[in-house]
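# Results of the structural survey
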Amino acid sequence: IGLRPFPRKRVIGFLAFVFLVLSVVGCFANPILLSVKNTPYDRQMARIQSVLASVPAQSTNPELPLRLINRWIGDLRNIPYGFSMKWKTPAEVAREPVADCKGKAVALYQQMAQHGALGLRLVIGKRAPTSRSTHTWVQWTTASATYILDPTINWTAQTVDEVADNSYVPYYAYAGHQKYR
């Protein structure tokens, strides 16, 4: 029995197929975030680590009503935008006249956790492919859907199916003490 190599056309065809499959996989699923020990943002986020690590309140209904979530998003959306180099705490966001995406997202994260929401992630990434800087939002996964909660740009919660595939691209995410890339 001799080993004969595969014909060149077959190998090239197989490699082209594998490349096609790997390049299309991202279109059909949420990006996969892998658990990491640290991120480039860890030092900056020391100010808000207690908010992220706080245990959600006990809740008989972990799926909060969307109308309540949308009210919180709207309240934060009404705060004028003002960039800050530091991550503001929710208390600072409530007290100061302006807040940026980081502060608004952390405030929403805390509000939801205090009301028993599970499946929360604070996400840092790109809002759009043409964005020159990063953006921060909250992602909330429930039994019925996964939502993008962006109190800086949107007035209401959006399911991931409602957002364009190239929008809200995560780079890093935080859920309690857990960090993802």
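What counts and how
- Residues numbered from 1 in each chain as written.
- Predicted model: local features only at pLDDT ≥ 70, side-chain atom pairs only at ≥ 80, totals over all residues.
- Heavy atoms only, no water.
- Helix = DSSP H or I, 4+ residues; strand = E, 2+ residues; numbered from the N terminus.
- Buried < 20%, exposed > 50% of the residue type's maximum accessible area, 1.4 Å probe, protein only.
- Contact = heavy atoms within 4.5 Å.
- Areas by Shrake-Rupley, 256 points an atom, 1.4 Å probe, with all protein chains shown as cover.
- Patch = residues over 30% accessible without salt bridge, like charges linked within 9 Å, V, L, I, M, F, W, Y side chains within 5 Å.
- Salt bridge = Lys/Arg side-chain N within 4 Å of Asp/Glu carboxyl O.
- 1 Å grid on protein atoms, 1.4 Å probe; cavity = no way out; pocket = protein on both sides within 12 Å on 5 of 7 lines; lining within 4 Å.
- Points joined across faces, edges and corners; volume = space filled by probe spheres on them.
- Nonpolar A, V, L, I, M, F, W, Y, C, P; charged D, E, K, R; others polar.
- Pairing = 2+ DSSP bridges.
- Axes fitted to C-alpha atoms, helices over the stretch in contact; angles between N-to-C directions.
- Phe/Tyr/Trp six-rings, centres within 6.5 Å; stacked < 30°, edge-to-face > 60°.
- Lys NZ or Arg CZ within 6 Å of the ring centre and 35° of its normal.
- Polar contact = N/O pair within 3.5 Å; in protein donor to acceptor, adjacent residues only side chain to side chain.

## Section: the overall build of the protein chain
Check the secondary structure of the protein chain and you find 5 helices and 7 strands. Across the protein chain, helices and strands are ordered from the amino to the carboxyl terminus as α-β-α-α-α-α-β-β-β-β-β-β. Taken across its 181 residues, the protein chain has 41% of its residues classed as buried. Sequence separation of at least 24 residues holds for 60% of the intrachain contacts in the protein chain that already meet a minimum separation of 6. As presented, the protein chain carries roughly 11,300 Å² of accessible surface, and 59% of it is formed by carbon and sulfur atoms.

## Describing a nonpolar patch on the surface
Together, Y81, F83 and M85 give the surface a local cluster of nonpolar side chains, amounting to about 420 Å² of exposed area. On the secondary structure map, Y81 appears in the loop between α3 (66-77) and α4 (90-95). Residue classification places Y81 among the partly exposed positions, given a relative accessible area of 48%.

## Things to note about the layout of surface pockets
Reported here for the second largest pocket is a volume of approximately 350 Å³. Lining the second largest pocket are 18 residues, with F83, C101, S133, T134 and H135 sitting closest to its centre. Elements with a contribution of two residues or more to the lining of the second largest pocket: α5 (101-114) and β3 (135-141). Grouping the amino acids of the lining of the second largest pocket by side-chain chemistry returns 8 nonpolar, 6 polar and 4 charged.

## Observations regarding the sheet that holds strand β1 (residues 35-36)
One open sheet accounts for 7 strands, arranged β1-β7-β6-β2-β3-β4-β5; its pairing is antiparallel. In the strand order of this sheet, the two ends are held by β1 and β5 (158-159), each with one partner. Bridge count for strand β4 (residues 146-149) against β5 is 2 bridges, and the pairing is antiparallel. Within β5, the position partnered with I148 by the bridge is Q158. Contacts from α5 reach β2 (120-126), β3, β4 and β6 (169-175), with the element oriented near 20 degrees to β3.

## Details of the packing of aromatic side chains
The tally for this structure, following the rule as stated, stands at 3 aromatic pairs. Between W137 and Y168, the ring centres sit 5.0 Å apart and the planes meet at 80 degrees, which makes this aromatic pair edge-to-face. Here the residue W137 occupies a position in strand β3, and Y168 occupies one in the loop between β5 and β6, the gap between them amounting to 31 residues. Given a relative accessible area of 1%, W137 falls into the buried group. Y168 gets classed as buried once you look at its relative accessible area, which sits at 6%. In this arrangement the basic side chain of R121 is found over the ring face of Y180, its NZ or CZ atom lying 4.2 Å from the centre.

## Let's talk about the pairing of β3
Counting buried positions along β3 gives 6 out of 7 residues, so the element sits mostly inside the fold. In this structure, β2 lies alongside β3, joined through 6 bridges in antiparallel fashion. Looking at β3, one finds that I124 is bridged to T136. Hairpin connection of β3 to β4: 4 residues between the antiparallel strands.

## Some details on the side chain of H135
Relative to the assigned elements, H135 resides in strand β3. You can call H135 buried: its relative accessible area is 8%. Side chain to side chain, H135 and D150 meet in a polar contact 2.8 Å long.

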